[in-house]
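These are the residues of each chain, in order.
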Amino acid sequence: MKPEKILYVDDEAIALKYFERLVGPLAPVLTAISVEEGRAVLGTHGSEIAVLVCDQRMPGERGNELLRHARQHYPHIVRMLTTAYSELGEAIDAINTGEIYRYIAKPWELESLRADLRNALELAALRHERDELMRDRMVAQQGQLVAARLGSLLVACAGVSEAAHERALFRFARAAQVVGSREA
């Protein structure tokens, strides 16, 4: 399933509603009012989420903790940090450690925010496409490996006897099927 949703985490309920109205036309929006709730939403909908936008200052844990969690457990998600406070040091640290794609200062410049989110959604789509291509390539290579081994087994068994040849081929094909080869 291709991830297409945006998760916005902020402790201000008004900001959640405002973001949802502003961004809703771009992509489906999920919201959470705390880092803890954000983790729960990720746990439930992680494979559907393409972009995570998180406010930095919230009661309890800071937003960069959620971004770090997402990086470790949901690396496909494009992560963005937003804050109304000038915590430049924390933002730079988050960027340098690879936890975020963009830092967005509040109050938002609406067109800039939309452009950043469009770019983030495009990046997520490209990452998903890359991952699918890599998965397909690995399956193809696995199929080639199984085919080469079957060929080697046939050549080896052909020299022994015809009955041994068929029995060995059957056992190998069954073993390949058990380990999940699609080509066997």
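The structure presented is a predicted model; accordingly, all values stated were derived computationally and were not measured. (Residues numbered from 1 in each chain as written. Predicted model: local features only at pLDDT ≥ 70, side-chain atom pairs only at ≥ 80, totals over all residues. Heavy atoms only, no water.)

Participant: Explanation requested: the overall build of the protein chain in the structure shown.
Facilitator: Helices and strands together make up the secondary structure of the protein chain, namely 6 helices and 5 strands. Listing the helices and strands of the protein chain from first to last along the sequence gives β-α-β-α-β-α-β-α-β-α-α. The burial tally for the protein chain puts 36% of its 184 residues in the buried class. For the protein chain, long-range pairs separated by at least 24 residues make up 60% of all intrachain contacts whose partners lie at least 6 apart in sequence. Carbon and sulfur atoms provide 54% of the accessible area of the protein chain, an area that totals close to 10800 Å². (Helix = DSSP H or I, 4+ residues; strand = E, 2+ residues; numbered from the N terminus. Buried < 20%, exposed > 50% of the residue type's maximum accessible area, 1.4 Å probe, protein only. Contact = heavy atoms within 4.5 Å. Areas by Shrake-Rupley, 256 points an atom, 1.4 Å probe, with all protein chains shown as cover.)

Participant: Please explain the pattern of salt bridges as it appears in this structure.
Facilitator: Once their charged atoms are close, side chains differing in charge can pair, the charge on each being opposite to the other. In total, this model carries 9 salt bridges according to the counting rule given. Across the pair Glu111 and Arg114 runs a salt bridge whose closest N-O atoms are separated by 2.5 Å. In this pair, Glu111 and Arg114 both sit in helix 5 (residues 110-158), 3 residues apart, roughly one turn of the helix. Judged by its relative accessible area of 24%, Arg114 falls in the partly exposed class. Here Asp131 and Arg130 are joined by a salt bridge, their closest N and O atoms 3.0 Å apart. Each of the salt bridges in this network shares a partner with another, and the network as a whole consists of Asp10, Asp55 and Lys106. (Salt bridge = Lys/Arg side-chain N within 4 Å of Asp/Glu carboxyl O.)

Participant: Looking at this structure, I do not really get the sheet that holds strand 5 (residues 102-105). What am I missing?
Facilitator: Strand pairs in the sheet, formed through backbone hydrogen bonds, run parallel or antiparallel to each other. An order of 2-1-3-4-5 is seen for the 5 strands of this open sheet, with the pairing classed as parallel. Both outer strands of the open sheet, strand 2 (29-32) and strand 5, are each paired with one neighbouring strand and no more. Strand-to-strand twist across the sheet, computed as the mean angle between neighbouring axes with direction ignored, equals 20°. Where strand 3 (residues 49-55) meets strand 4 (residues 78-83), 5 bridges bridge the pair, whose relative direction is parallel. Bridge pairing in strand 4 places Val53 opposite Met80. Sitting on the sheet, helix 3 (residues 63-73) is in contact with strand 1 (5-9), strand 3 and strand 4, with an inclination near 160° to strand 3. (Pairing = 2+ DSSP bridges. Axes fitted to C-alpha atoms, helices over the stretch in contact; angles between N-to-C directions.)

Participant: When you look at the environment of Ala173 in this model, what are you seeing that I'm missing?
Facilitator: Looking at the element boundaries, Ala173 is found in helix 6 (residues 162-178). The spacing of Ala173 and Val146 is 27 residues in sequence and 8.9 Å in space, taken between C-alpha atoms.

Participant: Would you mind showing me how to read helix 1 (residues 13-23) here?
Facilitator: Every buried residue of helix 1 is accounted for by Ala15, Leu16, Phe19, Leu22 and Val23. Each buried residue of helix 1 sits inside an arc of 135° when the element is viewed along its axis, so together they form one side. Those residues of helix 1 that are exposed and angled more than 90 degrees off the buried face are Ile14, Lys17 and Arg21. (Arc of directions from axis to C-beta.)

Participant: It is not clear to me how the pairing of strand 3 should be interpreted in this structure. Could you clarify?
Facilitator: When a strand is regular, its side chains alternate between the sheet's two faces. The buried count for strand 3 comes to 7 of 7 residues, which makes it a mostly enclosed element. In terms of strand pairing, strand 1 meets strand 3 through 5 bridges, oriented parallel. Note that in strand 3 the partner of Val9 across the bridge is Cys54. In this fold, strand 3 hands off to helix 3, which returns the chain to strand 4; that crossover is right-handed. (Right-handed = clockwise from strand over helix to strand, strands pointing away.)

Participant: Quick question: what am I supposed to make of the packing of aromatic side chains here?
Facilitator: By convention here, two paired aromatic rings are described through the distance between centres and the angle between planes. Scanning the model with the defined rule gives 4 aromatic pairs in all. Where Tyr8 meets Phe19, the ring centres are 4.2 Å apart and the plane angle is 15°; that geometry is what we call stacked. Placement of the pair is Tyr8 in strand 1 and Phe19 in helix 1, with a sequence separation of 11 residues. Phe19 matches Tyr8 in its accessibility class, with the two residues each being buried. A network of ring pairs unites the aromatic residues Tyr8, Tyr18, Phe19 and Trp108 as a single cluster. When the ring centre of Tyr101 is taken as reference, the NZ or CZ atom of Arg102 above it lies at 4.6 Å. (Phe/Tyr/Trp six-rings, centres within 6.5 Å; stacked < 30°, edge-to-face > 60°. Lys NZ or Arg CZ within 6 Å of the ring centre and 35° of its normal.)

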